[in-house]
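So the chains spell out like this:
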Amino acid sequence: MRLFDFTRAPNPRRVRVFLAEKGLEIPRVPVNLYRHEQLSPEFLAINPGGTVPVLELDDGTRLTECLAICRYLEYLHPEPRLFGNSPRQEALTLMWAGIVDHEGLAAAAEALRNLSPGFRDHALPGPAPSPQIPALVERGMVRMDAFFDRIERQLTASAYVAGDTYTYADISLLVTVDFAGWVDVIPMNTRPALARWYQRASSRPTSAA
Ligand SMILES: N[C@@H](CCC(=O)N[C@@H](CS)C(=O)NCC(=O)O)C(=O)O
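What counts, and at which threshold
Residues numbered from 1 in each chain as written. Predicted model: local features only at pLDDT ≥ 70, side-chain atom pairs only at ≥ 80, totals over all residues. Helix = DSSP H or I, 4+ residues; strand = E, 2+ residues; numbered from the N terminus. Buried ≥ 20, exposed ≤ 12 C-beta atoms within 10 Å, placed from the backbone. Arc of directions from axis to C-beta. Contact = placed C-beta atoms within 7 Å. Near = placed C-beta within 6 Å. Nonpolar A, V, L, I, M, F, W, Y, C, P; charged D, E, K, R; others polar. Domains from an automatic or database assignment. Pairing = 2+ DSSP bridges. Axes fitted to C-alpha atoms, helices over the stretch in contact; angles between N-to-C directions. Parallel < 35°, antiparallel > 145°, perpendicular 65-115°, else oblique. Left-handed = near helix turned anticlockwise from the far one by under 90°.

Novice: Report on unusual backbone geometry, specifying residues and quantitative values.
Specialist: Note the cis peptide between V52 and P53, where omega equals 10°. Considering the arrangement of structural elements, one finds P53 in the loop between α2 (41-46) and β3 (54-56). Geometrically, the link from E79 to P80 is a cis peptide bond, its omega value of -10° lying close to zero. With respect to the helices and strands, P80 occurs in the loop between α3 (66-76) and α4 (87-115). Look at H36: it is not a glycine, yet its phi comes out positive at around 60°. Checked against the element boundaries, H36 lands in the loop between β2 (28-30) and α2. Assessed through the 13 C-beta atoms surrounding it within 10 Å, H36 is described here as partly exposed. The residue D184 is not glycine, and still its phi comes out positive at about 60°. Relative to the assigned elements, D184 resides in the loop between α6 (168-180) and α7 (192-202).

Put into structure tokens, the structure is as follows:
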């Protein structure tokens, strides 16, 4: 197996934190997004979507989504459990992972990619040019606010995002909170339950991965 990775990007960090929690090492192939290596013909042949991470299996299968990569690795290395211990816990982990992805990480990406000069004509990933739409910066901010309010309610009722134990959904939330900082959103400042959770999640040694 090998993992196509870029150490500065949030999505590959989800896989790196997951690997660190499992105590696993996988050979890494760096893909420098700052130099647009993800848009080279060589990399597009590996992932036509032009994104990292990609986990390439020994038989040549390529997994291009964090969730698929991490769930696959959990099958190979079940302990420690990061998708729960029962059908119910796994369903809740997947549910919250989806909420974090679609309402949180996507909102932060919407704000950043439509704001930062580094994403000019590249507001969406992939090889096709995509112009920035300034109004989407504000919409991304509004979506993030609603998302973090929802998370605050959840973490007021529950120690971790999907229940009593740390799961893949917490890894995604940790990465999303840090990514929100790229557009100067610090959601813990006004949300005490999220602040307590962030203190615990970010002090795990694996958070530095
Ligand atoms: N849905 C994918 C998203 C992957 C993704 O968007 N990765 C970003 C880095 S955080 C990327 O490769 N962007 C390339 C680009 O913007 O051209 C996943 O879950 O892994």
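Novice: Tell me about α3, and name the residues and values.
Specialist: Every buried residue of α3 is accounted for by C66, I69, C70, L73 and E74. On an axial view of α3, the arc spanned by its buried residues comes to 135°, and they lie on one face. Within α3, the exposed residues directed more than 90 degrees away from the buried face are A68 and Y75. Buried residues along α3 sit in contact with α1 (10-22), β3, β4 (62-63) and α6.

Novice: Describe the site of the ligand, listing the residues and the values that go with them.
Specialist: As a matter of local geometry, the ligand sits amid A9, P10, N11, L33, Q38, G50, T51, V52, P53, E65, C66 and P125. For the shell around the ligand, the residue count by class is seven nonpolar, four polar and one charged.

Novice: Let's hear about the domain arrangement of the protein: which residues, and what values?
Specialist: Examined at the domain level, the protein breaks down into domain 1 (2-76) and domain 2 (87-208). Residue-level contacts link 14 residues of domain 1 with twelve residues of domain 2. Of all elements in the fold, only α1 and α3 reach the threshold of two or more residues within the side of domain 1 that touches domain 2. With seven residues, α1 is the largest single contributor of residues to the side of domain 1 that touches domain 2.

Novice: Can you tell me about the environment of A106, naming the residues and giving the values?
Specialist: One can find A106 in helix α4. For A106 and G140, which are 34 residues apart along the polypeptide, the C-alpha to C-alpha distance reads 8.1 Å.

Novice: Describe the sheet that holds strand β1 (residues 2-5), with residues and values.
Specialist: With respect to topology, four strands assemble into an open sheet ordered β2-β1-β3-β4, the strand pairing being mixed. Two strands lie at the open edges of the sheet, namely β2 and β4, each paired on one side alone. Pairing of β1 with β2 involves three bridges; the strand directions are parallel. Paired with D5 across the strands is P30, a residue of β2.

Novice: Just give me the short version of the packing of α1 against α6, but keep the residues and values in it.
Specialist: Viewed as axis vectors pointing N to C, α1 and α6 meet at an angle of 140°, and their least axial separation amounts to 9 Å. In this view, α1 runs oblique relative to α6, as classed from their interaxial angle. For α1 against α6, the interelement crossing comes out right-handed. Contacts between α1 and α6 pair P10, R13, R14, V17 and F18 from the former with Y168, I171, S172, L174, V175 and F179 from the latter. Here the residues of the contact of α1 with α6 are counted per class, giving eight nonpolar, one polar and two charged.

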